[in-house]
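Chain and residue survey
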Amino acid sequence: MNLDGVVDDWVVWADGREKAVLAYRPDVFDSDAFPAPCLPTIYVTKGKRRRLPGKQTRPDDPWFVTLYLEPEVDRSPDRYESREAAENGAMDLAERFAAGDVDYRDLYQVPREDYLDELDALTGRGE
């Protein structure tokens, strides 16, 4: 995938034919400063990520960009018709997240105020 030049604080963790994963600040989500399972990730996938195991994608399947804050806490995916558009969408989402412009607090059904306050400080939202 063409994810060169991803915004600072995000790294390309995986880059495959039908899936790419961006990770936010893995240097601090190390179980000491922040819990490792809370590592924010952006998935770029052909077809929905939670499709049935073993199901193959079709050439006309759309691409999806999904932000995960934890394994069970995610933002509704954005849908794109091409890989290039999905890559651009992922880069834009990464930029907005790093700038503190993504309201991730609403994604939590059970608020974790202390953790979210720390995440706000890390992303610059608390300033």
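For the structure itself, consult the block above.
Presented here is an overview of the structure given in this document. Remember, it's a predicted structure, so these values are computed and weren't measured experimentally.

Considerations on the overall build of the protein
- Across its full length, the protein holds two helices and six strands.
- For the protein, the N- to C-terminal ordering of α and β elements is β-β-β-β-β-β-α-α.
- When the backbone C-alpha atoms are referred to their principal axes, the protein occupies close to 45 × 30 × 25 Å.
- Looking at the protein residue by residue over its 127 residues, the buried ones come to 43%.
- For the protein, restricting intrachain contacts to residue pairs at least 6 apart in sequence, the fraction spanning at least 24 positions comes to 44%.
- In the form shown here, the protein has an accessible surface area of approximately 7300 Å², with 45% of it arising from carbon and sulfur atoms.
- Across the protein, the centroid of the 17 positively charged side chains sits 10 Å from that of the 28 negatively charged ones.

Considerations on the pattern of salt bridges
- This structure, assessed with the given rule, holds 12 salt bridges.
- One salt bridge in this structure joins Asp-60 and Arg-58, with 3.6 Å as the shortest N-O distance.
- The closest approach of N and O atoms between Glu-70 and Arg-112, which form a salt bridge, is 2.3 Å. One end of the pair, Glu-70, is in strand β4 (residues 63-70); the other, Arg-112, is in the loop between α1 (83-98) and α2 (113-123), and 42 residues separate them in sequence.

Description of unusual backbone geometry
- Although it is not a glycine, Asp-9 adopts a positive phi angle of roughly 85 degrees.
- By the element assignment, Asp-9 lies in the segment before β1 (10-15).
- When its relative accessible area of 34% is taken as the criterion, Asp-9 is described as partly exposed.
- If you check the backbone angles, Arg-25 has positive phi at about 45 degrees while not being a glycine.
- Relative to the helices and strands, Arg-25 resides in the loop between β2 (19-24) and β3 (41-46).
- The buried category is assigned to Arg-25, whose relative accessible area is 18%.

Examining α2
- Tyr-115, Leu-116, Leu-119, Asp-120 and Thr-123 are the residues of α2 that are buried. For α2, the arc enclosing every buried residue in end-on projection is 145 degrees, short of the 170-degree limit, so these residues lie on one face. Of the exposed residues in α2, the ones pointing more than 90 degrees away from its buried face are Asp-114 and Ala-121.
- For α2, the secondary structure elements touched by its buried residues are β2 and α1.

Scoring rules and cut-offs
- Residues numbered from 1 in each chain as written.
- Predicted model: local features only at pLDDT ≥ 70, side-chain atom pairs only at ≥ 80, totals over all residues.
- Heavy atoms only, no water.
- Helix = DSSP H or I, 4+ residues; strand = E, 2+ residues; numbered from the N terminus.
- Buried < 20%, exposed > 50% of the residue type's maximum accessible area, 1.4 Å probe, protein only.
- Contact = heavy atoms within 4.5 Å.
- Areas by Shrake-Rupley, 256 points an atom, 1.4 Å probe, with all protein chains shown as cover.
- Lys, Arg positive; Asp, Glu negative; His and termini not counted.
- Charge placed at Lys NZ, Arg CZ, Asp CG, Glu CD.
- Salt bridge = Lys/Arg side-chain N within 4 Å of Asp/Glu carboxyl O.
- Arc of directions from axis to C-beta.

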